[in-house]
Amino acid sequence: MASDTAGPRAARANPSPTHAPTSGITVLAASLMIFGGAMAILEGIAAISKDAIFLATRHYVFEFSLAGWGWVHLILGIVIVLAGCAVLSGALWARYFGVAVAGLGAIANFLWIPYYPLWAMVLVAINIFIVWALCTGMHREADEALRA
């Protein structure tokens, strides 16, 4: 019986670096990753189908075809959704990967501003908030682990 009570205490004292606990901020970041990734997927599908809602600008420095941008957003959106699901599972590597792909998502949507400004600005804000939430969640959970 004594070994049953020592099990959880020993697990808290030496947490596994591959499966860290998740806080509310981390869960919020993962939820926003899934939402933002789904928005990017829809953005990519609309661009690939060359929907008429997009503005075609001329002489833009980062000029790709509309379908090319669509594939970028579709692939990046799928990766962001998968990373969000991995963050929800509590994997530590997923947080670092989530920061990286959310940063790439912010950059891609910043470059997308001339095509659909409002949608791009909202997704830039969501991706920046995801990076903030993932980094803040890591710091708070590290502080809590040191106190325990």
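The model shown is predicted, which means the values in this text are computed figures rather than measured ones.

Colleague: Which residues make up the packing of aromatic side chains, and what values go with them?
Modeller: Here a ring pair, both rings aromatic, is described through the centre-centre distance and the interplanar angle of the planes. Evaluation of the coordinates by the stated rule reveals six aromatic pairs. Between Trp93 and Phe97, the ring centres sit 6.5 Å apart and the planes meet at 50°, which makes this aromatic pair tilted. Taken together, the residues Trp93 and Phe97, both in helix H4 (residues 92–111) and four residues apart, mark about one turn of the helix. Trp93 sits in the exposed class, given a relative accessible area of 53%. Judged by centre distance (5.3 Å) and plane angle (85°), the ring pair of Tyr116 and Trp119 falls under edge-to-face. Among the residues examined, Tyr116 registers a relative accessible area of 28% and is labelled partly exposed. Accessibility expressed as a relative area gives 15% for Trp119, which makes it buried. Taken together, Trp69, Trp112 and Tyr115 form an aromatic cluster joined through their ring pairs.

Conventions adopted
Residues numbered from 1 in each chain as written. Predicted model: local features only at pLDDT ≥ 70, side-chain atom pairs only at ≥ 80, totals over all residues. Heavy atoms only, no water. Phe/Tyr/Trp six-rings, centres within 6.5 Å; stacked < 30°, edge-to-face > 60°. Helix = DSSP H or I, 4+ residues; strand = E, 2+ residues; numbered from the N terminus. Buried < 20%, exposed > 50% of the residue type's maximum accessible area, 1.4 Å probe, protein only.

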